[in-house]
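# Structural characterization, general
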Amino acid sequence: MMKKTSGRKKIEIKKIEKTESGRVTFTKRRRGLLNKASELCVLSGAEIAILAQSKGGRVFAFGHPSVDSVIDTYLGNNVSNSSAVSENPTYMLEEYNKEYGKICKELEVEKNKFKSVERSDGWWEKSFENLEVHKLETFINSLEKLKFNLTKKADELKNMSASSSSDHNIDGLLDELLSNNFGDANEDLMTV
């Protein structure tokens, strides 16, 4: 059986003189070029921008993540791009360091709160006879709120199954209740 077509041949790269043949070649090669660029982006994570203008004046563009962001980066306009940023290990390290610093500051604040609570041992034993009326009212409201919350939590704990981990939870709940409910009253009594 004889082959009817000559198959794919390597053609000489030179300007195509026939206008219609040139248009067809441009369309096919442009499509192929854009497909290859898209594949390259997917495979390697590269940022690519391609601009092509036909003889008729139509402009075709492809860009990953976008044509504008790639061109701005190329021109040095320092436009940040979310996908480019997320793939940049140096940027990610800087972001992790910022987050670490923020968490360290939060930890320091919490440590200071804990130290101030530790220093306030025996605040309930201090005299409240010299308190001003509004401070005394605040103190009474805080005690009532604490009583309500402690009763509520005690009822919740009674309903929970008794286990070794629940003892640990009770300590945590009491610490949480005390720190949340005695902020104003504790400060008022410490100044007496």
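Here is a short report on the structure shown in this document.

Calculation notes
Residues numbered from 1 in each chain as written. Predicted model: local features only at pLDDT ≥ 70, side-chain atom pairs only at ≥ 80, totals over all residues. Heavy atoms only, no water. Helix = DSSP H or I, 4+ residues; strand = E, 2+ residues; numbered from the N terminus. Buried < 20%, exposed > 50% of the residue type's maximum accessible area, 1.4 Å probe, protein only. Contact = heavy atoms within 4.5 Å. Areas by Shrake-Rupley, 256 points an atom, 1.4 Å probe, with all protein chains shown as cover. Pairing = 2+ DSSP bridges. Phe/Tyr/Trp six-rings, centres within 6.5 Å; stacked < 30°, edge-to-face > 60°. Core = buried A, V, L, I, M, F, W, Y, C linked by side-chain atoms within 4.5 Å. 1 Å grid on protein atoms, 1.4 Å probe; cavity = no way out; pocket = protein on both sides within 12 Å on 5 of 7 lines; lining within 4 Å. Points joined across faces, edges and corners; volume = space filled by probe spheres on them. Nonpolar A, V, L, I, M, F, W, Y, C, P; charged D, E, K, R; others polar. Salt bridge = Lys/Arg side-chain N within 4 Å of Asp/Glu carboxyl O. Expected span 1.5 Å × (residues − 1).

## So, the overall build of the protein chain
Regarding its fold elements, the protein chain presents seven helices and two strands. Ordering the α and β elements of the protein chain from the N terminus gives α-β-β-α-α-α-α-α-α. For the protein chain, buried positions account for 16% of its 192 residues. Taking contacts inside the protein chain between residues at least 6 apart in sequence as the whole, the part at least 24 apart equals 44%. Of the roughly 16000 Å² of accessible surface on the protein chain, a fraction of 55% belongs to carbon and sulfur atoms.

## What to know about the pairing of strand β1 (residues 48-53)
Taken residue by residue, a regular strand's side chains alternate between the two faces of the sheet. Here β1 shows a buried face lined by Ile48, Ile50 and Ala52 and an unburied face lined by Ala49, Leu51 and Gln53. As paired elements, β1 and strand β2 (residues 59-64) share six bridges and run antiparallel to each other. Bridge pairing in β2 links Ile48 to His64.

## Some thoughts on the packing of aromatic side chains
Applying the stated criterion across every chain yields a total of one aromatic pair. Ring geometry for Phe26 and Phe60: centres 5.9 Å apart, planes at 50 degrees, overall tilted. A residue pair is termed long-range when its members are at least 10 positions apart, and Phe26 in helix α1 (residues 19-44) and Phe60 in strand β2 qualify at 34 residues. With a relative accessible area of 26%, Phe26 lands in the partly exposed category.

## Some thoughts on the environment of Val70
Of note, Val70 is situated in helix α2 (residues 67-75). Residue Val70 is classed as buried on the basis of its relative accessible area of 14%. For the pair Val70 and Ile48, spaced 22 residues apart in sequence, the C-alpha to C-alpha distance is 6.6 Å. Sequence-distant contacts of Val70, that is, excluding residues within four places in its chain, are made with Glu47, Ile48, Ala49, His64 and Pro65.

## Section: the nonpolar core
The biggest cluster of nonpolar side chains holds six residues, and these are Leu34, Ala37, Cys41, Ile48, Ile50 and Phe62. Put simply, the parts of the chain that give this core at least two residues each are α1 and β1. No other element matches α1, which puts three residues into this core. In contact with Ala37, not counting residues within four places along its chain, are Ile48, Ile50 and Phe62.

## Some details on the layout of surface pockets
Size it by volume and the second largest pocket reaches roughly 510 Å³. What lines the second largest pocket is a set of 21 residues, among which Ile16, Gly22, Arg23, Thr25 and Phe26 lie closest to the centre. Ranked by residues supplied to the lining of the second largest pocket, first place goes to α1 with eight residues. Residues of the lining of the second largest pocket, tallied by class, amount to five nonpolar, seven polar and nine charged.

## Considering α2
Looking only at α2, the buried set comprises Val67, Ser69 and Val70. Buried-residue contacts for α2 involve β1 and β2. Two residues or fewer after α2 comes Gly76, characterised by a positive phi angle close to 85 degrees.

## A short note on the pattern of salt bridges
All chains considered together, the criterion is met by four salt bridges. Salt-bridge contacts for Arg23 lead to Glu20; the nearest nitrogen and oxygen are separated by 3.6 Å. With Arg23 and Glu20 both in helix α1 and three residues apart, this pair spans about one turn of that helix. Judged by its relative accessible area of 51%, Arg23 is exposed. Taking the relative accessible area as the measure of exposure, Glu20 reaches 52% and is therefore exposed.

## Some thoughts on α1
For α1, spanning 26 residues, the distance from its first C-alpha to its last is 37 Å, which sits close to the expected 38 Å at 1.5 Å a residue. Those residues of α1 lying buried are Arg30, Leu34, Ala37 and Cys41. Where the residues of α1 are buried, they touch β1 and β2. Two residues or fewer after α1 comes Gly45, characterised by a positive phi angle close to 75 degrees.

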